[in-house]
Amino acid sequence: MASKHRGAFTEQFAARRLIGVFGRHHVHTNVNLFRGKDVVGEADVLVIYGDRLIIVQAKAKKLTIAARKGNDQQLKADFAAAIQYSYDQGWLCANEMLAGGCRLVTDGGNEVALPESVKEVFLISLVSDHYPALAFQVKQSLKFETTDVIRPPFVMDVFLLDTLTEMLASPLRLLSYIKLRVDVTDKLMSGHELTVLGYHLRQNLWLDEEHDLVMLDDSIARDLDAAMMVRRDNQPGVDTPTGILTKMRGTRYEGLIKQIEDRADPATLELGFHLLSMDEDACRDVHSLLETITRKTRTDGKRHDATLASSTDPSGVTFHCNPKPSVEAVATLEKHCLKRKYALRAPRWFGISFGPAGDVQFGVTLDFSWEASDEMERMTAGMKAPLNVRDALPKFVRDTRCMKLGRNDPCYCGSGIKYKKCCMP
């Protein structure tokens, strides 16, 4: 009876915590996969967000007394029953969903619709009890496969899920962390996953390509431990570790992330992940560019563009401020991004359009390999290279501030009222 209740609690707890991040309409529990009348799989918790899926398989299997005493064979048997088996279930469900023709129905009889195309599937194996050195056991013992869509698995206990969803309480931030974490499965070693999360909260989980193996000391998690004590035990102190969650508060960069999350649109979702992978200087450049081009559009009522690209990053972003969105504007932005992508030989390019008040209108994502083209060579002939943001931005900002408004022009604050009746001194 205790085992049955523990299993039900693990599933329900996972669903509650994920609903708190993604919202109830994105999270489904006990999803049965039907082919005809046959059930070919069951996902304990399924999250559908944009073109991303998270499949959670929860297990209540505990370490036996023999395994806790150091019996190696029993430890392997317990690991297989609790973690390997749940991963295998998740892998089966992911493949059935991607194969198409599968009908998804919850235990309550509600049908679940998958997106037309799935960009990534994340498999989470969740255990109800604390496993000593779980991260190390997974690295040594878990047998798994990957495809272009199905990413490496993320194994965790309920305590990590609780902390993850508490600190990364928005869809993009949680998904971004899961993406980063599974990307470094083979090159990161740590005694506990909370240490890895603590490192991420401090400076983003980005590891230099020159390092083959990185080991993290458990002391890195102390700020996270202290923040959780403040949040859960009402202890005095700071409730959020200084780092990625605090340094860009109140900026247009943070506002852009929030708008992308609210839309959950595949065309802008990839841009959201790209923005969250940036370093602090690049994040501040995004804020300054958005602040500047929206002000210029409010001032003169014209369209303005700015491109953010780096010699060390294969991707680029074009920010486009348009006073009046239209069908033609989408085509114009896509063509501009296509030319920029080709000229810089980038495998990916993003474009996003804003209104004068900074509201997101639409987005473009170009994600395909660069190939030489005579037509594109003609289109990009004479195209100027994007200016270095650090060098060009100060002059760009000064020029914007010097722009003059007529008394009867729309006010630069975006109110829609004439300048003389609004912010004119």
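Residues numbered from 1 in each chain as written. Predicted model: local features only at pLDDT ≥ 70, side-chain atom pairs only at ≥ 80, totals over all residues. Heavy atoms only, no water.

Concerning the packing of helix H9 (residues 252-263) against helix H10 (residues 266-276)
For any two helices packed against each other, the geometry is given by the interaxial angle and the distance between the axes.
Thought 1: Look at H9 against H10: their axes get within 9 Å of each other, and the N-to-C directions meet at 145°. Read as a crossing pair, H9 and H10 show a hand that is left-handed. The residues of H10 that touch H9, namely those facing Tyr253, Leu256, Ile257, Ile260 and Arg263, are Thr268, Leu269, Leu271, Gly272, Leu275 and Leu276.
Thought 2: Looking at the contact of H9 with H10, its residues break down into eight nonpolar, two polar and one charged. (Axes fitted to C-alpha atoms, helices over the stretch in contact; angles between N-to-C directions. Helix = DSSP H or I, 4+ residues; strand = E, 2+ residues; numbered from the N terminus. Left-handed = near helix turned anticlockwise from the far one by under 90°. Contact = heavy atoms within 4.5 Å. Nonpolar A, V, L, I, M, F, W, Y, C, P; charged D, E, K, R; others polar.)

Concerning the packing of aromatic side chains
Thought 1: Across all of its chains, the model carries seven aromatic pairs by this definition.
Thought 2: An aromatic cluster is defined as three or more aromatic residues linked by ring pairs; in this entry it consists of Tyr87, Trp91 and Phe144.
Thought 3: Its end group placed over the ring of Phe34, Arg103 keeps NZ or CZ at 5.2 Å from the ring centre.
Thought 4: For the cation-ring pair, Lys179 lies above Phe273, with the distance from its terminal atom to the ring centre recorded as 5.1 Å. (Phe/Tyr/Trp six-rings, centres within 6.5 Å; stacked < 30°, edge-to-face > 60°. Lys NZ or Arg CZ within 6 Å of the ring centre and 35° of its normal.)

Quick word on the pairing of strand S4 (residues 103-106)
Thought 1: Summarising the sheet, strand S1 (residues 27-35) and S4 pair through four bridges and their orientation is antiparallel. Looking at S4, one finds that Asn32 is bridged to Val105.
Thought 2: Note: S4 against strand S5 (residues 111-112), two bridges, orientation antiparallel. Looking across to S5, one finds that Leu104 is bridged to Val112.
Thought 3: Joining the antiparallel neighbours S4 and S5 is a turn of four residues, in which Gly109 adopts a positive phi near 90°. (Pairing = 2+ DSSP bridges.)

Focus on the pattern of salt bridges
Thought 1: Scanning the entire structure with this criterion turns up 24 salt bridges.
Thought 2: Between Glu120 and Arg52 there is a salt bridge; the shortest N-O distance is 2.9 Å. Here Arg52 lies in strand S3 (residues 52-59) and Glu120 lies in strand S6 (residues 120-127), a separation of 68 residues in the sequence.
Thought 3: Residue class for Arg52 comes out buried when judged on its relative accessible area of 2%.
Thought 4: One salt bridge connects Asp305 with Arg303, and the closest N-O pair in it is separated by 3.7 Å.
Thought 5: Relative accessible area serves as the criterion here: at 31%, Asp305 is assigned to the partly exposed category.
Thought 6: Three or more residues joined by partner-sharing salt bridges are found here, namely Asp51, Arg52, Glu120, Arg151, Lys179, Asp183, Glu270 and Arg348. (Salt bridge = Lys/Arg side-chain N within 4 Å of Asp/Glu carboxyl O. Buried < 20%, exposed > 50% of the residue type's maximum accessible area, 1.4 Å probe, protein only.)

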